[in-house]
Amino acid sequence: MKKTKVLKKAKTSRKAKTPRKAKTPKKLWELRLYVAGQTEKSVLALINLKKICETHLQGVYSIEVIDLLRQPQLAKGDQIVATPTLVKKLPVPVKRIIGDLSDTERVLVGLNLKSLR
Amino acid sequence: MTKKNSKSQSQTRSQKQNSQPADIPKVKTGIKGLDHILHGGLPKGRPTMVCGSAGCGKTVLAMEFLVRGVRDHNEPGVFFSFEESEAELILNFSPLNYNLPELIKNNSLRIDCIRIEKSEIEETGEYDLEGLFVRLEQAIDEIGAKRVVLDTIEALFSGLKNQFVLRAELRRLFHWLKAKGVTAIITGEKGEGQFTRQGLEEYVSDCVIFLDNRVINEISTRRIRIVKYRGSMHASDEYPFLIDNTGFSVIPISALTLDHKASKERVSSGVADLDEMLDGQGYYKGSSILISGMAGSGKTSLGASFAEAACKRGEKTLYFCFEESQDQLFRNMESIGVHLSKWEKKGLLKVVATRPSFYGIEMHLLQMYKEIENFEPACLVVDPISNMNSVGNFNEIRAMMMRLIDILKSRQITSIFTSLKSAQSVMEEADGGISSLIDTWISVREVANGNEQNRALCILKSRGMPHSNKIREFILTAKGVKLVDIYKTSSGVLTGAARRADTAARAAGVIASGLNKGGQP
């Protein structure tokens, strides 16, 4: 079921690259979102992520979406077990945030944008 | 010995399942003895749970399953490690001759480390473990793996918080593995009151193997038990197993039966005079001989003489020494003209010297079994079996002896056991209650005479042959063991110097006839 929606997926990944190109000079936040096919969870995760980034990191972030069904060999490098997983590559320390990113507070904590009270 | 933690509901369930008559397709593990107790191997294309506490050998079993799959059955395998990295695993397995780097190089083995760092992970909302599935599939397909190990998947539980997701996904994973058609081993840490900490046996319910490392009297023994096996018969006892530089081995000892052949062939005892007492021909080939006696009565000398004679006939001989080192044994036996070292150099004699307290009693048996398997001797000496007292009680020694003698008889190995008897002990007890298992029983004792302590020997029993009923004096000379008639005179039994004086006097013709000489042999 997941594999049938590959076409749509390609669109999202192109979309994801657009802001990255535009704001090349001050990319301080390098984010990678690993998904497995075009599932409800992965779509939701990308929407949530964009929303958060636009609110908190406008102009200083890049998002790369990796579909593990199309590039399974990439799962090993970032030690991906759960999907969706958001990996904050930069700034260090590396952090993994798993789930559909629906809990904005926790995402912000995970991104070290907010400390946990 | 109490069997704790073994009464879980899965066990009773398994008994119902095992009543099916026809066996399911199986995959040979290739591990010595394990296939035997599994009645052929692990269930083909299904996951098997291997559980036990830390350090009981789960990872070794799992790795050997893969390595043997590659070597013996040409089946590639993937090892998913949730604990150790690839480099660590290769290093840890280097003492075992698995040669992992080469297997990895020619794509017959893959080690994939799946690391979950809790501190790096934040959970927000819904997720699944599709990432894990993708990785498993990728690795399995890459080398066309038929065998898969997940060691230990429970590590996921410490990394991820959402138990509901985890359990649902694990259930899906095990179904997925089945659908993939790979034979898998999943390891799990032993939990309180259940086989694994997270109750994984609920999901992997086709075959459950339990490993145990028990310490009794400060000596640890590893044991393995097949807890359940759906759709198949299996041996249900606990079996000792061993991990050494050749890997994992299990002995299905109690699977032996009383149906060995009895040979009519005879072998020399290594002492001409003793052969004479045994119907002039010595022991039966493949029989078991017990030599019992007190300290210093010459048991080892008889054992060594037998070993030397066997080597002279060109028969391989295995000598288990529980008191002396090999060097010490060789030196001491030189003094009575028994030269063992040259046979050792020629490869006909093998001496295995260990302290009884080195292992538990089961372990000794296993070790002996392995040595017998590898060396394939025709004759065997255990010197002395009574030293096992320090590691086992009466019943355990008896059970061990029974199994050992069964192994030896089924292979037609002539074997000598020496047994040390303390002055006070009842005969039966001192010999580990093994006399009923023994075909020929020779007793050596000390006879005090005048100001001397001399040795005397008699045959207490020797099944299936006429044998001398005489007690004879037993002399250790520089040319080996000699048995001479005991002189009985009017002043009593003469041994040692008194006997010599009497013989000399007789030869000189001084002593009048009328004194009785001991009976003819």
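Fair warning: this is a prediction, and the values are worked out from it, not measured in the lab.

### Thoughts on the overall build of chain B
- Summing up its helical and strand segments, chain B has 16 helices and 25 strands in all.
- The 521 residues of chain B split such that 56% are buried.
- Intrachain contacts of chain B at a sequence separation of at least 6 include 70% that bridge at least 24 residues.
- Approximately 22,200 Å² of chain B is accessible, and the part contributed by carbon and sulfur atoms is 50%.

### Some points on the side chain of Asp112 of chain B
- With respect to the secondary-structure elements, Asp112 of chain B resides in strand E5 (residues 109-113).
- For Asp112 of chain B, the side chain forms a polar contact with the side chain of Arg135 of chain B, separated by 3.3 Å.
- Residues contacting Asp112 of chain B, with those up to four places away along its chain left out, are Lys76 of chain A together with Phe79, Phe80, Ser81, Arg135 and Ala139 of chain B.

### Notes on the confidence of the model for chain B
- Mean pLDDT over chain B: 81, with 88% of residues reaching 70 or higher.
- Every residue in residues 1-21 of chain B is under pLDDT 50, and counting partners more than four places away or in other chains gives 30 contacts.

### Some details on the interface of chain B and chain A
- Of the residues lining the interface, 26 residues belong to chain B; the matching set on chain A comes to 29 residues.
- Together, the buried faces of chain B and chain A total about 2,300 Å²; carbon and sulfur atoms form 50% of this surface.
- Three residues stand out in chain B for area buried against chain A, namely Glu120, Glu122 and Thr124 of chain B, and they jointly supply 29% of the buried area on that side.
- At the junction of chain B with chain A, the criterion picks out three salt bridges.
- One salt bridge in this structure joins Glu122 of chain B and Arg106 of chain A, with 2.7 Å as the shortest N-O distance.

### A short note on the packing of aromatic side chains
All names here are of chain B.
- With the rule as written, the count across this model stands at four aromatic pairs over all chains.
- Above the plane of the ring of Phe133 lies Arg172, whose end atom (NZ or CZ) is 4.2 Å from the centre.
- Positioned over the ring face of Tyr284 is Arg266, at 4.6 Å from the centre of the ring.

### Remarks on the nonpolar core
All names here are of chain B.
- Counting residues in each nonpolar core, the largest one holds 43 residues, and the members touching the most others are Phe80, Leu150 and Leu173.
- Breaking this core down by element, the ones donating at least two residues are strand E3 (47-52), strand E4 (77-81), helix H6 (130-143), strand E7 (147-151), helix H7 (155-159), helix H8 (163-180), strand E8 (183-189) and strand E9 (207-216).
- Apart from the residues within four sequence positions on either side, Leu173 is in contact with Phe133, Leu136, Leu150 and Ile153.
- In this structure, Val70, Phe79, Ile185 and Phe241 belong to the second largest nonpolar core, which totals 40 residues.

### Quick notes on helix H13 (residues 361-375) of chain B
- Along its 15 residues, H13 of chain B runs 21 Å from first to last C-alpha, staying within 8% of the 21 Å computed at 1.5 Å per residue.
- Within H13 of chain B, 13 of the 15 residues are buried, leaving the element largely enclosed by the surrounding structure.

### Digging into the environment of Val382 of chain B
Residues and elements named next belong to chain B.
- Structurally, Val382 can be placed in strand E18 (residues 379-383).
- A sequence separation of 61 residues divides Val382 from Cys321, and the C-alpha atoms of the two residues are 6.3 Å apart.
- Beyond its immediate stretch of four places on either side in the chain, Val382 contacts Phe320, Phe322, Met368, Ile416, Phe417 and Thr418.

Rules behind the numbers
Residues numbered from 1 in each chain as written. Chains lettered and ligands numbered in written order. Predicted model: local features only at pLDDT ≥ 70, side-chain atom pairs only at ≥ 80, totals over all residues. Heavy atoms only, no water. Helix = DSSP H or I, 4+ residues; strand = E, 2+ residues; numbered from the N terminus. Buried < 20%, exposed > 50% of the residue type's maximum accessible area, 1.4 Å probe, protein only. Contact = heavy atoms within 4.5 Å. Areas by Shrake-Rupley, 256 points an atom, 1.4 Å probe, with all protein chains shown as cover. Polar contact = N/O pair within 3.5 Å; in protein donor to acceptor, adjacent residues only side chain to side chain. pLDDT = per-residue confidence, 0-100. Buried area = accessible area lost by both parts, 1.4 Å probe. Salt bridge = Lys/Arg side-chain N within 4 Å of Asp/Glu carboxyl O. Phe/Tyr/Trp six-rings, centres within 6.5 Å; stacked < 30°, edge-to-face > 60°. Lys NZ or Arg CZ within 6 Å of the ring centre and 35° of its normal. Core = buried A, V, L, I, M, F, W, Y, C linked by side-chain atoms within 4.5 Å. Expected span 1.5 Å × (residues − 1).

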